[in-house]
Amino acid sequence: MLQQIFSPSVQHALDLIGIFVFAISGALLAVRKNFDVFGIAVLAEVTALGGGLFRDLVIGAVPPAAFTDLGYFLTPLLAALLVFFLHPEVERIQAGVNVFDAAGLGLFCVAGTTKAYEHGLGLTASATLGLATAVGGGVLRDVIAGEVPSLLRWDRDLYAVPAMVGAGLVVLCLRYDALTTVTSALAAVTAFVLRLLAMRYHWRAPRAWNRRSAAVEEV
Amino acid sequence: MLQQIFSPSVQHALDLIGIFVFAISGALLAVRKNFDVFGIAVLAEVTALGGGLFRDLVIGAVPPAAFTDLGYFLTPLLAALLVFFLHPEVERIQAGVNVFDAAGLGLFCVAGTTKAYEHGLGLTASATLGLATAVGGGVLRDVIAGEVPSLLRWDRDLYAVPAMVGAGLVVLCLRYDALTTVTSALAAVTAFVLRLLAMRYHWRAPRAWNRRSAAVEEV
Amino acid sequence: MLQQIFSPSVQHALDLIGIFVFAISGALLAVRKNFDVFGIAVLAEVTALGGGLFRDLVIGAVPPAAFTDLGYFLTPLLAALLVFFLHPEVERIQAGVNVFDAAGLGLFCVAGTTKAYEHGLGLTASATLGLATAVGGGVLRDVIAGEVPSLLRWDRDLYAVPAMVGAGLVVLCLRYDALTTVTSALAAVTAFVLRLLAMRYHWRAPRAWNRRSAAVEEV
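If you're wondering where the values come from, they're calculated on a predicted model, not measured in any experiment. (Residues numbered from 1 in each chain as written. Chains lettered and ligands numbered in written order. Predicted model: local features only at pLDDT ≥ 70, side-chain atom pairs only at ≥ 80, totals over all residues. Heavy atoms only, no water.)

Asker: Could you give an account of the packing of aromatic side chains, naming the residues involved and the relevant values?
Answerer: All names here are of chain C. Using the criterion set out here, one finds nine aromatic pairs over all chains in the structure. The ring of Y176 has R175 lying over it, and the distance from NZ or CZ to the ring centre is 5.0 Å. Note that R200 overlies the ring of Y201, its terminal NZ or CZ placed 5.0 Å from the centroid. (Phe/Tyr/Trp six-rings, centres within 6.5 Å; stacked < 30°, edge-to-face > 60°. Lys NZ or Arg CZ within 6 Å of the ring centre and 35° of its normal.)

This is the structure in structure tokens:
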């Protein structure tokens, strides 16, 4: 078992922040899709907890944290309530929401990688699960809402890469026995800043080479 | 371990009824989507067993009941066969099917909540899993068939709320050590009747406040 | 525990071939959907490993093989890279890819059924999980990419039936204690050949009887 990276209460507070901002993004999509108040709550929960739920099922940590920690469950409901009443205001501060979402991405890729490694997975598998923790909720959100996952689309700013870099840094630290509070925080901040830069400068990943023009219409 | 609420054979018969009616709804959607006979069978299985499968994975009850009880597996195939040959007749009695579906909803939210609690989950988590047991199969059905889950849509009669009420009543009984065959049955019947009333009077949940008109087109 | 059917290294090589060809099909769909390079990699991984991941979660074999065997993880990335650079060439040999995909189908339905049985599931459940191992990745691929699963559509050549036959043969052998390397290989080859024949002669499964013409438009 790895030593605790952050103090438990700090880690918990960070988790709740990540859950809250992810839930906001789910609730906003639900409003745009014209779902009712329960649809908003469901999509908020799925977005916020889906990635961690998948990680916990894969590493065999059942029941998953999403079902044992009441705070994890209630936070998305709070976000759903907020969006239900104030969604025009929340949309207006979308840029601010995106900054928090980037913070959630950084926190989750680090926490997910660390938890997977603590449960005995290899370095590559831990990094993969860290990435899945960070982006899995968003993919589930889009699939359930009937949208093509924005993670996969070429016309969206880089999202997976910052999380990959963050998870990769954690794995490097684990490999060289250098994972401390400071290096963990650095990995999370790196992912966070990379995501902010990707949004600011619209960094995008290339599509397949030599795509035939016929493919263009299919986005 | 909680004492058995219903006698095992009664509980099993109730489970099979719930599975059957959920499978019918999956098979009917498959026919409407023009799937072939195997698509009908797959969608019947997924709809009937998906919610319980999710619950069992989360509480760590593997292999899930869906894979250990042959009756659970064969019942959806029977429903698929029936719909395959007689779907116009089944559609004609859609109102009757809906009544059975409401019964399945009531049975599953109670059974799911109870099973989750027996596996050591907290009260809130148990109620959430009871709700997921009752509605999860329908969400999977819609996602796999490429439809926006009818659970989330504002233009559908209340479906989650009756299940929430049923699961909530079970949790209340558990909290006050009052869960018996009678109170369980009452919780299931309450959910059942609420769902019938929601269909009869077209009860719906509100959408987000102050939606901009632009959002209307997106359903 | 069942005796090893194939020698471990042969089994592993067969697994990697199956994973590779399934990953190719995922990557090709990603290119057609205009996803970026990460979308291609994600869809390749999901298609190749999704079926086995589902099986392992259901039988409680956690962490799943997809996360413990580095080769399983890297092979889809190789396929994604190949498709990224050479997709017009890969599309041109689509017929060849389909032959390999059929081989993957045969291998996975046999390996999946055997693994489920080794973990103590009944014969019917083992065959079902063998089928799920073989076709699950493709269903996940289509759902994530926002397509109606081609497995379910009536206008596609038989895909599930060959896998069912292969899984059924394995279960018959298990029932009569006759599962050897030879009978396993025969089951895999039978599924493989049936799929090739289904593609060659466009074998299709029937849709529901007496469909109303109104349903036609909904494909």
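Asker: Account for the environment of B:I144, naming residues and giving values.
Answerer: Structurally, the position occupied by B:I144 is in helix α6 (residues 123–144). You can call B:I144 buried: its relative accessible area is 12%. The sequence separation of B:I144 and B:L43 amounts to 101 residues, and the corresponding C-alpha distance is 7.9 Å. Setting aside residues up to four positions removed in sequence, B:I144 forms contacts with B:L43, B:V46, C:V143, C:P149 and C:L152. (Helix = DSSP H or I, 4+ residues; strand = E, 2+ residues; numbered from the N terminus. Buried < 20%, exposed > 50% of the residue type's maximum accessible area, 1.4 Å probe, protein only. Contact = heavy atoms within 4.5 Å.)

Asker: I'd like a description of the UniProt feature "transmembrane region" (unreviewed entry) in chain A, backed by residues and values.
Answerer: Taking the numbering used here, the UniProt-annotated feature "transmembrane region" (unreviewed entry) corresponds to residues 12–30, 37–54, 66–86 and 184–203 of chain A. Regarding residues 12–30 of chain A, the helix share stands at 100% and the strand share at 0%, and the terminal C-alpha atoms are separated by 27 Å. (UniProt positions renumbered as here; feature names shortened; annotations may be inferred.)

Asker: Describe the interface of chain B and chain A, naming the residues involved and giving the relevant values.
Answerer: Between chain B and chain A, the contact holds 30 residues from the first and 27 residues from the second. On the surface where chain B and chain A come into contact, there are zero salt bridges. For the pair chain B and chain A, the interface holds three residue pairs in polar contact (both at pLDDT 80 or more). Elements with a contribution of two residues or more to the side of chain B that touches chain A: α2 (37–59), α6 and α7 (160–175) of chain B. Looking at which element gives the most residues to the side of chain B that touches chain A, the answer is α6(B), with five residues. (Salt bridge = Lys/Arg side-chain N within 4 Å of Asp/Glu carboxyl O. Polar contact = N/O pair within 3.5 Å; in protein donor to acceptor, adjacent residues only side chain to side chain.)

Asker: Residues and numbers for the UniProt feature "domain: Glycine transporter" (unreviewed entry) in chain A, please.
Answerer: Listed under "domain: Glycine transporter" (unreviewed entry) in the UniProt record, and renumbered for this structure, are residues 13–87 and 99–173 of chain A. As annotated, residues 99–173 of chain A comprises 75% helix and 0% strand, and the C-alpha atoms at either end are separated by 26 Å.

Asker: I'd like to hear about the confidence of the model for chain A, residue by residue, with values.
Answerer: Per-residue confidence for chain A gives a mean pLDDT of 88, with 93% of residues at or over 70. For this predicted complex, the interface confidence reaches an ipTM of 0.87, while the overall pTM sits at 0.91. (pLDDT = per-residue confidence, 0-100.)

Asker: Run through the pattern of salt bridges, naming residues and quoting values.
Answerer: All names here are of chain A. As enumerated under the stated definition, the model contains 18 salt bridges over all chains in all. For D142, the salt bridge identified is with R141, shortest N-O distance 3.0 Å. For D142, a relative accessible area of 5% puts it in the buried group. Accessibility expressed as a relative area gives 14% for R141, which makes it buried.

Asker: Give me the lowdown on the interface of chain B and chain C, citing residues and values where you can.
Answerer: Listed per partner, the contact involves 27 residues of chain B and 30 residues of chain C. Around 2600 Å² of area is buried between chain B and chain C when both sides are counted, 71% of it from carbon and sulfur atoms. In this assembly, chain B and chain C are joined by zero salt bridges. For the side of chain B that touches chain C, the secondary-structure elements that each account for two or more residues are α1 (8–32), α2, α4 (70–92) and α6 of chain B. (Buried area = accessible area lost by both parts, 1.4 Å probe.)

Asker: Quick one: what's the story with the side chain of B:T133, residue by residue and with numbers?
Answerer: Residues and elements named next belong to chain B. Residue position: T133 is located in helix α6. Here the side chain of T133 touches L129 through a polar contact of 2.7 Å, landing on its backbone oxygen. What T133 contacts, discounting residues up to four positions off in sequence, is G51, G52, R55, F108 and G112.

Asker: Describe the relation of the copies chain B and chain A, listing the residues and the values that go with them.
Answerer: Structural alignment of chain B on chain A gives an RMSD of 0.0 Å, achieved by rotating through 120 degrees and translating 0.0 Å along the axis. Both chain copies can therefore be described as sitting about a three-fold axis. Little of the interface of chain B is mirrored in chain A: 7% of its interface residues are interface residues there too. (Least-squares fit on C-alpha atoms with pLDDT ≥ 70 in both.)

Asker: Give a description of helix α8 (residues 181–200) of chain A that names residues and reports values.
Answerer: All names here are of chain A. With 20 residues, α8 should cover 28 Å at 1.5 Å per step; its first-to-last C-alpha distance of 28 Å lies within 8% of that length. By the burial criterion, the buried members of α8 are S184, A187, A188, A191, R195, A198 and M199. Relative to the axis of α8, the buried residues are bounded by an arc of 110 degrees and lie together on one face. Summarising the geometry of α8, the exposed residues directed more than 90 degrees from the buried face are V182, L186 and R200. Contacts from the buried residues of α8 go to α5 (94–118) and α7 (160–175). Immediately beyond the C-terminal end of α8, within one or two residues, lies H202, with a positive phi of roughly 50 degrees. (Expected span 1.5 Å × (residues − 1). Arc of directions from axis to C-beta.)

Asker: An account of the packing of helix α1 (residues 8–32) of chain A against helix α4 (residues 70–92) of chain A is requested, with residue identities and associated values reported.
Answerer: Residue and element names in this part refer to chain A. For the pair α1 and α4, interaxial distance at closest approach is 7 Å and the crossing angle is 45 degrees. Taken together, α1 and α4 sit at an angle that is classed as oblique. Pair α1 / α4 crosses with right-handed handedness. Each of H12, D15, L16, I19, F20, A23, I24, A27, L28, V31 and R32 in α1 lies in contact with α4, whose residues at this interface are G71, Y72, T75, P76, L78, A79, A80, L82, V83, H87, V90 and E91. Tallied by class, residues from the contact of α1 with α4 come to 16 nonpolar, four polar and three charged. (Axes fitted to C-alpha atoms, helices over the stretch in contact; angles between N-to-C directions. Parallel < 35°, antiparallel > 145°, perpendicular 65-115°, else oblique. Left-handed = near helix turned anticlockwise from the far one by under 90°. Nonpolar A, V, L, I, M, F, W, Y, C, P; charged D, E, K, R; others polar.)

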